[in-house]
Each structure stands twice: as C-alpha cells, then as structure tokens.
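# Summary of the model geometry
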Amino acid sequence: MKILVLNAGSSSQKSCVYEITGNTLPEEPLKPLWEAKVDWTHQQGFAELEVKTAKGEQLQEKIPADSRTQVMAHMLDTLCKGSTQVISQPSEIDVVGHRVVHGGQDYRESVVITEDVKQAIARLAELAPDHNPANLEGIEAIEQHLGTLTQIAAFDTAFHSHLPDAAAIYPGPYEWIEQGIRRYGFHGISHQYCAKRATRILGRDLASVRLITCHLGNGCSLAAIQNGRSIDTTMGFTPLDGLMMGSRSGAVDPGILIHLLRQSDNSVDELAKVLNKASGLRGISGISNDMREIREAISQGNSRAQLAWDIYVHRLRSYIGGMLASLGGLDALVFTGGVGENNPEIRAAACEAFAFLGLKLDHEKNAHKPVDVDIATPDSTVRVLVIHTEEDWEIACECWRLLEKK
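The numbers attached to residues start from 1 for each chain and follow its sequence in the written order. Given that this is a predicted model, residues contribute local features only at a pLDDT of at least 70 and side-chain atom pairs are listed and counted only at 80 or more, while totals for whole chains, interfaces and linings are drawn from all residues. Heavy atoms throughout the structure, all of them, feed into the side-chain values; hydrogens and water do not.

The next thing to look at is the sheet that holds strand β10 (residues 220-226). Spatial strand order, β11-β10-β9-β12-β14-β13: 6 strands in an open sheet with mixed pairing. Unpaired on one side and paired on the other, β11 (229-233) and β13 (373-374) mark the two borders of the sheet. Each pair of strands is called paired provided DSSP finds at least two bridges between the two strands. The secondary structure listing takes helices from DSSP runs of H or I that are at least 4 residues long and strands from runs of E that are at least 2 residues long, numbered from the N terminus. Strand direction decides the pairing type here: β10 and β11, joined by 4 bridges, are antiparallel. If you follow Gln-226 over to β11, its bridge partner there is Arg-229. It only takes one pair of heavy atoms within 4.5 Å for two residues to be counted as in contact. In this analysis an axis means a line fitted to C-alpha atoms, helices contributing only their contacting stretch, and an angle means the value between N-to-C directions, from 0 to 180 degrees. On top of the sheet, helix α6 (residues 188-202) reaches β9 (211-216), β10, β12 (332-336), β13 and β14 (383-386); it is set at about 130° to β9, its chief contact. Each of β9, β10, β11 and β12 is contacted by helix α11 (residues 303-327), which is oriented at about 20° to β10, the strand it contacts most.

Written out as structure tokens, the structure reads:
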C-alpha cells in the first residue's frame, strides 16, 4: 500500500510517501520513499520547494507563489517526474492521509473525508485559524490534482477526545458545554505516536504504563496518558492554552484580557495577534521564538532572555506536576518536538524538579543527542525518554488501519 501524507501548516507544507507491505504494520517506523517541503515564507512572491528521496536524490527550487494550489500541484508532480520520481503515475497512490488540527466533538478518530467532513473542517477553522484552512487547502489540492482518490483525515484532537469531563469542561456557565466550549487538546497525533513508541522502548504494555509526554516545539503541550488514553492535557479550546510557547502566551489570567479590551486602543483582533504571535519566548525576550537563540543570548548576559528561560522552565515544571496528580504517579517522562528532542538543558531543568520522586537523569546520555532512548540512570524510579516524533508515520498507520477494515 502506497500512502501519501500531507502535513499542512500556515507557513509550510510537508509531504511524504510510505510503502507498507504485508498484512501487519511494522513495529519500527519506515523511512519514506519521497519527502517534500514547501516553505511559503522564504521570500515574498516565491515559495521554496525541497524534495528528497530514499535513494538520495534531491531537488531545490524557488517557485512563484501566486497560487498555493499550483505550487502544491508542482510538488506532487515531482513524485512521478524528474530526478525525484518514485512512482510511474499518480494512480499508484492508494490513499492520502492529512493531519487536521481541529476535529471538534464530532470526530474522535480518523475518518474517510467526505463533503460533510470538509464542511466540518471549514467550520472549525474559527478555532484553529492558522491550521484548519491550510489542512482543507491540501485536501482540495489533492482532489484537483489526483481526482477521486480516497483521502483520510487524522485529527490532532482525536487522541484527547476521551478526556474525563472534570478535565475537559471549563468552570464557566453550564451553557458553555452546550455550545461546545471545552478542552479539546492538540498535538494528539504526536502524543499518540510517542506513547506507543515509549512502550516499545520500555518493553511494557501500553495499558500498564503511566506516561507524561512533553511535546515541546514552537507550540508546546503535555499529555497525561493512562491505559493508552489521554486523561489530561495542557492545550484547551484552542492551541493557545497551557505552556509558554515560542510566540504564544499559553495560559494567562482572563482578567488581563478583560482589562486590555477595556482600553480603547485594543481590539479583539489585535489582542489575538499579541497572544499568538508576540508573546511567549519572543514576547518576553524581545529576541526570538527560537530556544537556540534564547540560549545564545543568555550566554551573552541578556537578562530578558534569562527571564524568558526561567518562565518557560517554571511553567513546564508546574504543568508536569499537574499531570502527575492526574495520573497518581509516573512510570516515564517523555520529551519530543524540536525543543524536547534537541535541548538537553531544558530536559535537565525539567527533570531536576522531580528528584524527590527518585527521578535521576544520566547527564552524559542526556548531553549526547539521544534519539529513542532512555536517559535515566539504572536506579531511577522514573524512566526518562527522548523520542523523535513521527507524526507522518502515525498518520500513515491510521490510513492503513482504516483501509484494512474495509
């Protein structure tokens, strides 16, 4: 089965093709036959396309970005034309899987995309304005370029759809529940993959392990996982809640927002821009949303960068503590995402606060770019894992499972 995966964001479009053979899914993630990335922000009026194949062929191009649909069509053409060709014709693709950020309450698992599903994705764009429109754009581009091929939506919210009511429902008026205002949670595809991967690394059964998965990138969220299900998470009604992030504030006192809106020079749109684009690491440091640049500025004595770091670590520790309470204990703490996978200082700072549990980090392992390994000492009472998240592979697996059911 050849599976094309589209992982669309507001600033980039990532795609890859997997080929799964046999009657069972492999235990280890497969390497894609073909990978492509479109960067929409590279240069005004142009998009940058990067393509590589499992055989080592590479392609880099700058393309006029007048029509995003045309750029995506060109990207898909590289599948079956030129030096990066891996298939003879588009009909060799059996199914296309899409990461869709918000599925609301209606979609608690991956589904075959229909007109009703497309309408729901469009309707929920109000709650994920940076992502759902881009996800829908990818679906429509496939329809235009590859015709009636089966497409499947894998929802980031689905993994969190069984949160207990006490964790999911906000303490506002009861009418909010009837309006669909609740905690949905995000990064679910990543949290789901990491939970499964963690149990394989530990040699444990998913139903017997209590996990806290820390997806730390430009967007950040935690999930408390018990019996293979998310029972608590930090992102909420939108991806703005919870941890401090690259440019998002995370949770703030709602009274601050009321205060700012009462000031005549603040509008709802301006406030949304501040909370999503000008807060977090970027807002506090005044430098960047990139943790690497924050660390560099700290080494040069920048006090605002140090403050950004301190707030980030404080909130990370605080929310991990909250997840501990939800689980009633912890078997493994998992770090993933661009920061979680690549920043040993963040991992060490987070773990340091939980030495009272008997958690002991092997600092040598932590410092040497660990991938899919346990970096706790042998006598640590809590395992600590660094896992390279494979969202695209998890989406491919969801496609395989759905088609195998037919």
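Having put the structure on the table, let's press on.
Turning to the pairing of β11, a few remarks are in order. Each residue is assigned to one of three classes by its accessible area relative to the maximum for its type, calculated with a 1.4 Å probe on protein chains only: buried under 20%, partly exposed between the two thresholds, exposed over 50%. Among the 5 residues in β11, 4 count as buried, and that is most of the element. Hairpin connection between β10 and β11: a loop of 2 residues separates the two successive antiparallel strands, and Asn-227 in this loop has a positive phi of roughly 55°.

A word on the side chain of Thr-336. Note that Thr-336 resides in strand β12. Here the side chain of Thr-336 touches Ile-387 through a polar contact of 2.7 Å, landing on its backbone oxygen. In this view, Thr-336 contacts Ser-190, Cys-194, Cys-214, His-215, Leu-216, Glu-341, Ile-387, His-388 and Thr-389; residues no more than four positions away in its chain are not counted. Here a polar contact is taken to be a pair of N or O atoms separated by no more than 3.5 Å, where protein atoms must pair a possible hydrogen donor with a possible acceptor and residues adjacent in sequence count only if both atoms sit in side chains.

Right, let's talk about the nonpolar core for a bit. Ile-212, Leu-216, Tyr-312, Ile-320, Leu-333 and Ile-346 are the most contacted members of the largest nonpolar core, which totals 48 residues. Looking at this core, the elements with two or more residues in it are β9, β10, α10 (291-299), α11, β12, α13 (344-352) and β14. Here the element with the most residues in this core is α11; it accounts for 10 residues. With near-sequence residues (within four places) excluded, Ile-212 lies in contact with Ala-223, Ile-320, Met-323, Leu-324, Leu-327, Leu-330, Ala-332, Leu-333 and Val-334. Definition used in this section: a nonpolar core is a set of buried Ala, Val, Leu, Ile, Met, Phe, Trp, Tyr and Cys residues joined via side-chain atoms within 4.5 Å.

With that settled, the discussion passes to the UniProt feature "binding site: substrate" (unreviewed entry) in the chain. UniProt positions are given in the numbering used here, feature names are shortened, and annotations may be inferred rather than shown by experiment. Per the UniProt entry, the sites bearing "binding site: substrate" (unreviewed entry) are Arg-99 in this numbering. Discounting residues that sit within four places of it in the chain, Arg-99 has contacts with Leu-6, Asn-7, Ala-8, Asn-135, Ala-154, Asp-156, Ile-189, Glu-391 and Ile-395.

What follows is about the side chain of Thr-389. Relative to the assigned elements, Thr-389 resides in the loop between β14 and α15 (391-405). Not counting residues within four places of it along the chain, the set of residues in contact with Thr-389 comprises Ser-190, Tyr-193, Cys-194, Thr-336, Gly-337 and Glu-341.

Two quantities define a packed helix pair, namely the angle between the helix axes and the distance between the axes. Across the interface, α11 lies against α13 with an axial gap of 9 Å and an inter-helix angle of 50°. In terms of axis orientation, α11 runs oblique to α13. Judged by the twist between their axes, the crossing of α11 over α13 is right-handed. Of α13, the residues touching α11 (which contributes Trp-309, Tyr-312, Val-313, Leu-316, Arg-317 and Ile-320) are Glu-345, Ile-346, Ala-349, Ala-350 and Glu-352. Per-class residue counts for the contact of α11 with α13 are 8 nonpolar, no polar and 3 charged. By definition in this entry, angles of less than 35 degrees are roughly parallel, angles greater than 145 are roughly antiparallel, angles of 65 to 115 are roughly perpendicular, and the rest are oblique. If you view the pair so one helix is near and one far, a crossing is left-handed when the near helix is turned anticlockwise from the far one by less than a right angle, and right-handed when it is turned clockwise. Three categories are distinguished: nonpolar for Ala, Val, Leu, Ile, Met, Phe, Trp, Tyr, Cys and Pro, charged for Asp, Glu, Lys and Arg, and polar for the others, with Gly belonging to the last.

This brings us to the packing of helix α1 (residues 68-77) against helix α3 (residues 132-146). Running from N to C, α1 and α3 cross one another at 60°; their axes reach a closest spacing of 10 Å. Regarding the angle of α1 to α3, the classification is oblique. Crossing angle aside, the handedness with which α1 passes α3 is right-handed. For the pair α1 and α3, the contacting residues are Arg-68, Thr-69, Met-72, Ala-73, Leu-76 and Asp-77 in the first and Ala-134, Glu-137, Gly-138, Ala-141, Ile-142, Gln-144 and His-145 in the second. Looking at the contact of α1 with α3 residue by residue, the classes come out as 6 nonpolar, 4 polar and 3 charged.

It is worth spelling out the UniProt feature "binding site: Mg(2+)" (unreviewed entry) in the chain at this point. Under the UniProt annotation, "binding site: Mg(2+)" (unreviewed entry) lies at Asn-7 and Glu-391. Of the residues just listed, which span 385 residues, no C-alpha pair is farther apart than 8.6 Å, and they cluster in one region. Along the chain, Asn-7 falls in strand β1 (residues 2-8). Here Asn-7 falls in the buried class, since its relative accessible area comes to 9%.

Between side chains of opposite charge, pairing is possible as soon as their charged atoms come close. By definition, a salt bridge exists where a carboxyl oxygen of Asp or Glu is found within 4 Å of a side-chain nitrogen of Lys or Arg. Scanning the entire structure with this criterion turns up 17 salt bridges. With its nearest N and O atoms 2.8 Å apart, the salt bridge here joins Arg-68 to Glu-137. Taken as a pair, Arg-68 in helix α1 and Glu-137 in helix α3 lie far apart in primary sequence, 69 residues in all. Glu-137 gets classed as partly exposed once you look at its relative accessible area, which sits at 22%. A network of salt bridges, in which partner residues are shared, links Glu-28, Arg-197 and Asp-372.

Turning next to unusual backbone geometry. Even without being a glycine, His-187 presents a positive backbone phi close to 60°. Within the secondary structure, His-187 is located in the loop between α5 (175-178) and α6. Classification of His-187 by relative accessible area gives buried; the value is 9%.

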